[in-house]
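Analysis of the macromolecular model
One letter stands for each residue in the lines below.
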Amino acid sequence: MGATRFDYDLFTIGAGSGGIRASRISRHLGARVAVAENYRIGGTCVIRGCVPKKLLTYAAHYAEDFEDARSYGWTIENTSFSWPALIANKNREIARLSKVYADGFARTGIDVIEDTAKLADAHTVEVGGRRVTAQNILVATGAWPVKPTIPGIEHAITSNEAFELPALPKRILIAGGGYVAVEFAGIFNGLGSQVTLSYRGAQVLRGFDDDVRKHLHDEMGKKGVRIVLDSDVLRIDRCTDGSLEVSLTGVPGNKLPCDAVMVATGRNPNTARLGLAEAGVKRDGAGGVMVDRFCRSSVANIYAVGDVTHRLALTPVAVREGGAVAMTLFGGAETPVDLDDVPSAVFSQPPVGTVGLTEARAVEKFGKVDVYKASFRPLRHTLSGRDERTLVKLVVDASTQCVVGAHMVGADSPEIIQGIAVAVKSKLTKAQLDATIGIHPTAAEEFLTLREKASRVT
Ligand SMILES: Cc1cc2nc3c(=O)[nH]c(=O)nc-3n(C[C@H](O)[C@H](O)[C@H](O)COP(=O)(O)OP(=O)(O)OC[C@H]3O[C@@H](n4cnc5c(N)ncnc54)[C@H](O)[C@@H]3O)c2cc1C
């Protein structure tokens, strides 16, 4: 292991998805490890990201489930919803998870310092009023929501505070069109808030396949979310009765009364006041730590993983990168991270699952592309009568017949796309997918029975 002239072999700044993984694997490989965390062990995903978000998404879906249950013979009367009960239960679960991680650190002999850390030099960290030295330093400080600079922005919340609101807002404006914005639109809408989503662009979910974007937009609209596109939020005013008035373009009179405004307009890497520039660590224009495929920064013994590198802001990516750094440093194997064909989901209502290239990106890359798609009413809704349609879409490189993209909007699509992702990552062909016998009756089998080419795009 590293030279003993240092206090530790690895010092990790940030106990989120990436930092925890790197620390645990490094310790397992025999390294002496310390971690600094200045909020709560678990990081964004556990405390105010994926996990609580998905719990709230389940809660929101019950509204439709209760309605649909009638068509299946159930009588459900006097349903009511308590936001404080949901938040208290969610808080209990994330406290449990945070403790599991903290106990894991203690059990395996990883030292935890609950304070803000910064670099003093390439081998020294200042934390908790002292200086600690390490052979290697891992920056895993994540990202933070950015608020636009408009008058009255102090009245707006971000996803951080949305998880802790004392009461469910009757009317909420959500500004943004990315996955966090559409997910929270689905959550608040399902729980009974009147939701307006204002987005600057021409369609929600920039970067996703165009059919997915349009399909989700239409389905969200059917469920009652008012989506205002090409819209700018200009200012927010607090009224005398405590409610808010938002000035925004795209609505009649350019004014919208509401009770809460949530901005989901992006996240920036947490790199300010970390002493990175002074230590010689290069950052990109957004402040993200620039790294090579081994997650190594411009300073050879300083690594960075996860959202702080401003690449793919997803928990499994941070986890994979953290594990790779540990293997490179202490496992005797230089381990690069391959960020091609990373699947992802949007836990909107209905949810989205996606892997590989969008149709537009595939055309740019391959020229000739075969597109297969189907839109159908899921079996469940033949009885419920709910007007919800599922979209499945495959993008195939016409010359090799490899499936280069798979996209789905509809119930269970994140679960289904996780399986299809193996096919895309393994560069399977359309014929190999077709040779697989489906499981009936499922929505997933639709991916194996797409026969009609929707188009051959050149
Ligand atoms: C609302 C929301 C929903 C999301 N949903 C999903 C999802 O469904 N699926 C998915 O894959 N991803 C999701 N993400 C993204 C996911 O949460 C992040 O990609 C992931 O948490 C990144 O892990 P990380 O280790 O890079 O950073 P983080 O988990 O953010 O951890 C960084 C840690 O560093 C600490 N820290 C920062 N600065 C310092 C310092 N100077 N000293 C000490 N500690 C410091 C922070 O307190 C934090 O605990 C979501 C994010 C948000 C905001």
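Report on the accompanying structure. (Residues numbered from 1 in each chain as written. Predicted model: local features only at pLDDT ≥ 70, side-chain atom pairs only at ≥ 80, totals over all residues. Heavy atoms only, no water.)

1. With respect to the overall build of the protein chain
- For the protein chain, the count of helices and strands is 13 helices and 22 strands.
- Once the C-alpha set of the protein chain is aligned to its principal axes, its extents read approximately 70 × 65 × 40 Å.
- Across the 458 residues of the protein chain, 50% fall into the buried class.
- For the protein chain, long-range pairs separated by at least 24 residues make up 64% of all intrachain contacts whose partners lie at least 6 apart in sequence. (Helix = DSSP H or I, 4+ residues; strand = E, 2+ residues; numbered from the N terminus. Buried < 20%, exposed > 50% of the residue type's maximum accessible area, 1.4 Å probe, protein only. Contact = heavy atoms within 4.5 Å.)

2. With respect to helix 3 (residues 50–69)
- In this model, helix 3 (20 residues) spans 28 Å end to end at C-alpha, consistent with the 28 Å of a helix rising 1.5 Å per residue.
- Taken as a whole, helix 3 carries its principal kink of about 30 degrees at Ala63.
- Restricting attention to buried positions, one finds in helix 3 the residues Pro52, Lys53, Leu56, Thr57, Ala59, Ala60, Glu64, Asp68 and Ala69.
- Of the surrounding elements, those touching the buried residues of helix 3 are helix 2 (43–48), helix 4 (83–108), helix 6 (179–191) and helix 11 (380–384). (Expected span 1.5 Å × (residues − 1). Bend = angle between axes of the 7 residues up to and from the residue.)

3. A short note on the sheet that holds strand 18 (residues 352–356)
- Within the open sheet, the six strands sit side by side as 17-18-21-20-19-22. Their pairing is antiparallel. Each end of this open sheet is capped by a strand with a single partner; those strands are strand 17 (344–346) and strand 22 (453–457). Adjacent strand axes in the sheet meet at a mean angle of 15 degrees, parallel and antiparallel pairs treated alike.
- Pairing of strand 18 with strand 21 (residues 403–409) involves five bridges; the strand directions are antiparallel. The partner of Gly353 across the bridge, within strand 21, is Met408. (Pairing = 2+ DSSP bridges. Axes fitted to C-alpha atoms, helices over the stretch in contact; angles between N-to-C directions.)

4. As for the nonpolar core
- In this structure, Ile174, Phe184, Phe188, Leu197 and Met262 are the most contacted members of the largest nonpolar core, which totals 38 residues.
- Every element with two or more residues in this core is listed here: helix 3, helix 4, strand 8 (171–175), helix 6, strand 9 (194–198), helix 7 (210–222) and strand 14 (260–263).
- Here this core takes eight residues from helix 6, the largest share from any one element.
- In contact with Met262, other than residues within four places in its own chain, are Ile157, Thr158, Ser159, Ala162, Ile172, Leu173, Ile174, Ala175, Val180, Phe184 and Phe188.
- Grouped together as the second largest cluster of nonpolar side chains are 23 residues, Phe11, Ala117, Val127 and Leu274 included. (Core = buried A, V, L, I, M, F, W, Y, C linked by side-chain atoms within 4.5 Å.)

5. Some words on the site of the ligand
- Near the ligand lie 37 residues; those nearest to it are Gly18, Glu37, Thr44, Lys53 and Asp307.
- Ala117 places a polar main-chain atom, nitrogen or oxygen, 3.0 Å from a nitrogen atom of the ligand.
- Taken by itself the ligand offers 1,000 Å² of open surface, and the protein chains cover 94% of this.
- Among the secondary structure elements, those contributing two or more residues to the shell around the ligand are helix 1 (17–28), helix 2, helix 3 and helix 9 (315–330). (Near = heavy atom within 4 Å. Polar contact = N/O pair within 3.5 Å; in protein donor to acceptor, adjacent residues only side chain to side chain. Areas by Shrake-Rupley, 256 points an atom, 1.4 Å probe, with all protein chains shown as cover.)

6. Considering the layout of surface pockets
- Its boundaries defined by the atoms lining it, the second largest pocket holds a volume of some 760 Å³.
- His61, Pro351, Gly410, Ala411 and Asp412 are, among the 33 residues lining the second largest pocket, the residues nearest its centre.
- Of all the secondary-structure elements, those providing two or more residues to the lining of the second largest pocket are helix 3, helix 11 and helix 12 (413–425).
- Among the elements that line the lining of the second largest pocket, the one with the most residues is helix 3, at eight residues.
- In terms of residue class, the lining of the second largest pocket is built from 14 nonpolar, eight polar and eleven charged. (1 Å grid on protein atoms, 1.4 Å probe; cavity = no way out; pocket = protein on both sides within 12 Å on 5 of 7 lines; lining within 4 Å. Points joined across faces, edges and corners; volume = space filled by probe spheres on them. Nonpolar A, V, L, I, M, F, W, Y, C, P; charged D, E, K, R; others polar.)

7. Section: the sheet that holds strand 13 (residues 255–258)
- Here we have three strands laid out as an open sheet, ordered 11-12-13, and antiparallel in their pairing. Each edge of the open sheet carries a strand with a single partner, namely strand 11 (233–238) and strand 13. Sheet twist, expressed as the average angle between the axes of neighbouring strands with direction ignored, equals 20 degrees.
- In this structure, strand 11 lies alongside strand 12 (residues 244–248), joined through five bridges in antiparallel fashion. Across the sheet, residue Val233 finds its bridge partner in strand 12, namely Leu248.

8. Examining a nonpolar patch on the surface
- A cluster of nonpolar side chains, namely Tyr58, Tyr62, Phe66, Tyr72, Trp74, Ile76 and Leu383, defines an oily patch on the protein surface of about 770 Å² accessible area.
- If one sorts the elements of the nonpolar patch by residue count, helix 3 sits on top with three residues. (Patch = residues over 30% accessible without salt bridge, like charges linked within 9 Å, V, L, I, M, F, W, Y side chains within 5 Å. Salt bridge = Lys/Arg side-chain N within 4 Å of Asp/Glu carboxyl O.)

9. Describing the pattern of salt bridges
- Scanning the model with the defined rule gives 32 salt bridges in all.
- One salt bridge connects Lys393 with Asp209, and the closest N-O pair in it is separated by 2.8 Å. Of this pair, Lys393 sits in strand 20 (residues 390–397) while Asp209 sits in the loop between strand 9 and helix 7, placing them 184 residues apart in sequence.
- Salt-bridge contacts for Lys393 lead to Glu359; the nearest nitrogen and oxygen are separated by 2.6 Å. Here the residue Lys393 occupies a position in strand 20, and Glu359 occupies one in helix 10 (residues 359–366), the gap between them amounting to 34 residues. Just as Lys393 is buried, Glu359 falls in that class too.
- Ionic contacts of the salt-bridge type, sharing partners, join the residues Glu64, Asp65, Glu67, Asp68, Lys223, Arg380, Arg386 and Glu388 into one network.

10. Some words on the packing of aromatic side chains
- The full count for this structure, using the stated rule, is four aromatic pairs.
- For the pair Phe163 and Phe184, a centre-to-centre distance of 5.3 Å together with 70 degrees between the ring planes defines the contact as edge-to-face. Here Phe184 lies in helix 6 and Phe163 lies in the loop between helix 5 (159–162) and strand 8, a separation of 21 residues in the sequence.
- For Phe163, a relative accessible area of 1% translates into the label buried.
- The rings of Trp83, Phe163, Phe184 and Phe188 are connected pair by pair, giving a single aromatic cluster.
- Seen from the ring of Tyr372, Lys430 lies directly overhead, with NZ or CZ sitting 4.3 Å from the centre. (Phe/Tyr/Trp six-rings, centres within 6.5 Å; stacked < 30°, edge-to-face > 60°. Lys NZ or Arg CZ within 6 Å of the ring centre and 35° of its normal.)

11. Examining helix 7
- Look at helix 7: 19 Å from first C-alpha to last across 13 residues, which is about the 18 Å you get at 1.5 Å a residue.
- Buried within helix 7 are the following residues: Val212, Arg213, His215, Leu216, Glu219 and Met220.
- For helix 7, the N-terminal capping position is held by Asp209, with its side-chain oxygen 2.9 Å away from the main-chain nitrogen of Asp211.
- Of the residues one or two after helix 7, Gly224 is the one with positive phi, at around 110 degrees.

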